[in-house]
Every structure is written in C-alpha cells, then in structure tokens.
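# Structural overview for review
The lines below spell out each chain.
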Amino acid sequence: MPKFKSTQDILRIIGNKDQIRNFGVIAHVDHGKTTMSDSLLAASGIISPSVAGQALALDSMKLEQNRQMTIRGANVTLFYETDGKEYVINMIDTPGHIDFTGRVTRALRAIDGVVVVSDSVEGIMTQTETVTRQALEERVRPVLYINKIDRLVKELKLGPEEMQKWLMNIISHFNQLVDIYAEPEVKEKWKVSIQGNSVAFGSAKDRWGFNFKMAKKTGINFKDVYDAYTSNDPALIKSLSERSPLSDAVLGMVVEHHPPPHVAQRYRIPKIWPGDLNSDIGKALLACDEKGPALMMVTTINVDPQAGRVATGRLYSGTIKDGDEVYLIDAKRPGRVQSVNIYMGNTREIVSVLPAGNIPALLGLDYAIAGETISTVKGAQAFESIKYVSEPVVTIA
Ligand code: GDP
C-alpha cells in the first residue's frame, strides 16, 4: 500500500537535496510503461493528508479508478526508503513519442534520469532507441528495466539458462545505444549492467521484479521465475511479488544511479540552458542554489476545476513562495504566484514555499504554457524559445 506521510515529513526530506530524485519513464509503445508506473504508485505512492481520511472511506475499486485517471498527469511523487535513508522521488510524465512541439525534450529537461522499459520478447525497438538517444543527448542518465519476463517462459518456452542468454543480448543491444549516443565522458559509466545494479527484470503485470542487489538479498533467481510460470499456479506467481516487489527493483536503481538535482545540474545546465554561466542566475543554476534568483521551466499545464490553471515544472534555482511576483519570460508578461503546491502521490497539496531541485505546481499563472520559463528576474534567459500562437485561453471546467 502507498505510504502515508505528512506534508511536514515530505518537506523535511526534500530540504536535503541528496534525498530528491527527478526521473521519467520511457518505452516503446506497449512495452509496459503505464503498467510499471502504476505499480510504482500502488506500492510507493505517498498518500497526502487530504486524501488519507477520504481513502479510508472509498472502496478499493474507486481508489484504483482515481489512480488510473491521474497517473498520466504532470507528476507523481513516490516515497522510498532503503538502508535507513528516505527519498522523495518525482516521477515526471514523459510522453512516449516525439512530436513537433518538442514535448519529449521538454520533459527530459525536468528529469535527471530515465527508466527505459523494454519488452523482453521484442527487445530494443525503434522508439526505445529514439527516446533513449534524446535522453542521452540531454545528459539524462538511463537505467534499464526489462519487462514481461513471463513471456519468455510462456511464449518462447525458454529455460532459466536460455532466459539469461536472451536477456544478455538485450542488455548489450541497449549498451550499443549508450555507446553511440552518450557523450565520451559518461559513455563507460552510463552503460548498464547486471552486476552494476543498473538493470532490473520483472513483470509489471504481476508486480514482481529484481535487480542484482535484491537477488543477492532475497535469493530470487530465474529458476524461481521459470518454476512459477510453468506451474501456472497463481499463488506461486503472487509469491514472487511478495518476495521481490517491482517497486523496490526499479526505485532501488533510481536512487543508486540517478543523480540528485544539485549533482545533475552541474553538468546538465551547460547543455540545456543557453545563458551566461558566469551570471548570477548561471551560477545559481549550476549549484541548484535555493538562495539565488528563481528560474523554473514549466513542463505541464493542467486545468483544475477548482484551482484553474496549474503550471508544473522543475525549479532549477532559487526559492518560490506564495505571493511572489514573477516574470513569464517567453510571454513577456509579469505574473503572481497565488499558491505553491507539490504533488503527494498524485494529489496536490499546498506547501506555500519550495526550494530549488523540486517540482512545484503553481497556481495563479494564467498565461503560462508548457515550455515557459518563469523567473523572479525580468529578462532572464529562457530555457527555450516558445511561440505563443494566440493568447492562451483559460478554461475553467
Ligand atoms: P505502455 O504502452 O508502454 O504504457 O504499455 P502498457 O503498460 O499499457 O502495457 C501494454 C500491454 O502489455 C497491456 O496489455 C499490459 O497488460 C501488458 N503488460 C504489461 N506488463 C506486462 C507483463 O509484465 N507481462 C505481460 N505478459 N504483459 C504485460
């Protein structure tokens, strides 16, 4: 079940940047991105205080429906604890395909790592390659999750040894992509491997998964997987998920290999922000400095029936709080932040103030569109130049 954490707990954890991760999930269509993301939320999503009471009153069916509806939103916040250390992990929605509006690129700017999901039978496909390439070009670090392992047993009839051979081919195919598209300085470090704990195997449908560390700890292996699926015994399959939950396999890799925001920004800002790195903003961005001028990039706009337009994105520097006068750099307009929120699980909670490295959801910026750069400095350099085709219309449903 998702964890209940109070707003204070979350704010305490994210006050330490080492405990934040911002990541996305990319996959070829149908390889299991949605099923995996849903499984992470089901196991590790934080239940916000405002829905904790309500959750008890709802039957599980309704909860399930709520989740399904919102998993494709702007941001889902997960909580993960390992070796006594707590992490707040933002899973930011990354569109699966590249369209002319550059939505993938924009989402990739807000994250520092990706989980690449690949179907075990189909392996690395064209879309896996295109999006992985984009991630590498944006200096976003990948880990690999090979999904639908059940298909290797049920459809390809592979035994434990054969499965491992088959999977090694997928891993080396993936590493060829890293070899081609990653920059020379990170090429070797960013290649994935079983022993390096940057590859996980599992079934999102059945919610089990393991990486090298988990296999060592729990003793789970390919023979257990083979036995479970050849037996066709639902209890055996279920026991895999109890023994080795998928969420641990994936989030374990995320906290180990995806960098926290202040580490990532040092090498990512020169790539994604075209401004002067020696300026005050430039220095603040490189350091993810919460005391510097605020600069945020909006990745998603949601229209909320109650709150109106909600602009969600990554705050790279500074601190943003209720009532701040800001500038919408591309729109060349001033704006006023009415309320600073964060996502807890997939619901929005008011926090009033948030430091750099986080993913604020801002209310009150009626003219913001996705791709907009928001800053406390008038005339700050934008992340990208976006065209306002017409005056944005605010729809209140
Ligand atoms: P997406 O397009 O990448 O978001 O893929 P979905 O999560 O929607 O999954 C595509 C299809 O694959 C759905 O029918 C899922 O039920 C199925 N699927 C997801 N995970 C698994 C798995 O581990 N094993 C099998 N056999 N099917 C799966």
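Residues numbered from 1 in each chain as written. Predicted model: local features only at pLDDT ≥ 70, side-chain atom pairs only at ≥ 80, totals over all residues. Heavy atoms only, no water.

In sheet architecture, strand pairing relies on hydrogen bonds along the backbone and comes in two forms, parallel and antiparallel. Spatial ordering of the open sheet is given by E14-E13-E19-E10-E11-E18-E15-E16, a layout of 8 strands whose pairing is antiparallel. Strands with a single pairing partner mark the edges of an open sheet, and in this sheet they are strand E14 (333-336) and strand E16 (347-350). Looking at each pair of strands side by side, their axes are set apart by 40 degrees on average, direction ignored. Bridge count for strand E13 (residues 325-328) against E14 is 4 bridges, and the pairing is antiparallel. Paired with Glu 325 across the bridge in E14 is Arg 336. Across the sheet, helix H15 (residues 280-287) is in contact with strand E10 (295-304), strand E11 (308-317) and strand E19 (373-375); its angle to E11 comes to roughly 85 degrees. (Pairing = 2+ DSSP bridges. Helix = DSSP H or I, 4+ residues; strand = E, 2+ residues; numbered from the N terminus. Axes fitted to C-alpha atoms, helices over the stretch in contact; angles between N-to-C directions. Contact = heavy atoms within 4.5 Å.)

Moving on to empty space enclosed by the protein. In the structure shown here, the tally under the stated rule is 1 cavity of 30 Å³ or more. By volume, the largest cavity amounts to about 70 Å³. Every residue lining the largest cavity is listed: Ile 10, Ile 14, Asn 75, Thr 77, Val 88, Asn 90, Ile 342, Tyr 343, Asn 358 and Ile 359. Breaking the lining of the largest cavity down by element, the ones donating at least two residues are helix H1 (7-14), strand E4 (75-82), strand E5 (85-92) and strand E15 (339-344). Here the residues of the lining of the largest cavity are counted per class, giving 6 nonpolar, 4 polar and no charged. (1 Å grid on protein atoms, 1.4 Å probe; cavity = no way out; pocket = protein on both sides within 12 Å on 5 of 7 lines; lining within 4 Å. Points joined across faces, edges and corners; volume = space filled by probe spheres on them. Nonpolar A, V, L, I, M, F, W, Y, C, P; charged D, E, K, R; others polar.)

This next bit is on the site of the ligand. Contacts to the ligand come from 15 residues, most closely from Asp 30, Lys 33, Thr 34, Thr 35 and Asp 150. Counting residues per element, the ones that place at least two in the shell around the ligand are helix H2 (33-44) and helix H7 (149-154). Taken together, the residues of the shell around the ligand sort by class into 2 nonpolar, 7 polar and 6 charged. (Near = heavy atom within 4 Å.)

Let's shift gears to the packing of aromatic side chains. Per the counting criterion, the structure on display carries 7 aromatic pairs. The aromatic ring of Tyr 367 is capped on one face by Arg 333, whose charged end is 3.8 Å from the ring centroid. (Phe/Tyr/Trp six-rings, centres within 6.5 Å; stacked < 30°, edge-to-face > 60°. Lys NZ or Arg CZ within 6 Å of the ring centre and 35° of its normal.)

Attention now goes to the pattern of salt bridges. Under the definition given, this model contains 25 salt bridges. Here Arg 243 ties to Asp 224 by a salt bridge, and the two come within 3.2 Å at their closest N and O atoms. With Arg 243 in helix H12 (residues 234-243) and Asp 224 in helix H11 (residues 222-231), this residue pair connects regions lying 19 residues apart in the sequence. Owing to a relative accessible area of 21%, Asp 224 belongs among the partly exposed residues under this scheme. Here Arg 348 ties to Asp 304 by a salt bridge, and the two come within 2.4 Å at their closest N and O atoms. (Salt bridge = Lys/Arg side-chain N within 4 Å of Asp/Glu carboxyl O. Buried < 20%, exposed > 50% of the residue type's maximum accessible area, 1.4 Å probe, protein only.)

Turning our eyes to something else, we now look at the sheet that holds strand E9 (residues 208-210). Taken in spatial order, the 7 strands make up an open sheet running E4-E5-E2-E6-E7-E8-E9, and their pairing is mixed. What marks the edges here is a single partner per strand, and that holds for E4 and E9. Going from strand to strand, the sheet's axes swing by 30 degrees on average, the running direction of each strand aside. Two strands pair when backbone bridges link them, and E4 and E5 are joined in this way by 8 bridges, in the antiparallel orientation. Pairing of Phe 79 across the sheet is with Val 88, part of E5.

Here we take up the nonpolar core. Across soluble globular proteins, nonpolar side chains have a tendency to be buried as a group. Counting residues in each nonpolar core, the largest one holds 69 residues, and the members touching the most others are Phe 23 and Met 36. Considering every element that reaches this core, the biggest residue donor is helix H8 (residues 160-181), with 8 residues. Filtering out sequence-adjacent residues up to four positions away, Met 36 remains in contact with Val 25, Val 115, Val 117, Tyr 145, Ala 204, Leu 246 and Val 250. By size, the runner-up hydrophobic cluster in this structure holds 26 residues, among which are Val 298, Ile 320, Leu 354 and Ala 368. (Core = buried A, V, L, I, M, F, W, Y, C linked by side-chain atoms within 4.5 Å.)

All right, on to the environment of Gly 252 then. Take Gly 252: it is sitting in helix H13 (residues 246-257). As for Gly 252 and Gly 292, which are separated by 40 residues in sequence, their C-alpha atoms are 32 Å apart. Discounting chain neighbours no more than four positions away, the residues touching Gly 252 are Tyr 80 and Ser 247.

One non-glycine residue with positive phi stands out, namely Arg 139, at about 65 degrees. Tracing the backbone shows Arg 139 in the loop between helix H6 (126-137) and strand E7 (141-147). On the basis of relative accessibility, which here comes to 17%, the residue Arg 139 falls in the buried class.

It is worth spelling out the side chain of Asp 206 at this point. With respect to the secondary-structure elements, Asp 206 resides in the loop between strand E8 (199-203) and E9. Of the polar contacts made by the side chain of Asp 206, one reaches the side chain of Tyr 229; its length is 2.6 Å. Among residues more than four places away in sequence, those in contact with Asp 206 are Tyr 229, Ile 237 and Ser 241. (Polar contact = N/O pair within 3.5 Å; in protein donor to acceptor, adjacent residues only side chain to side chain.)

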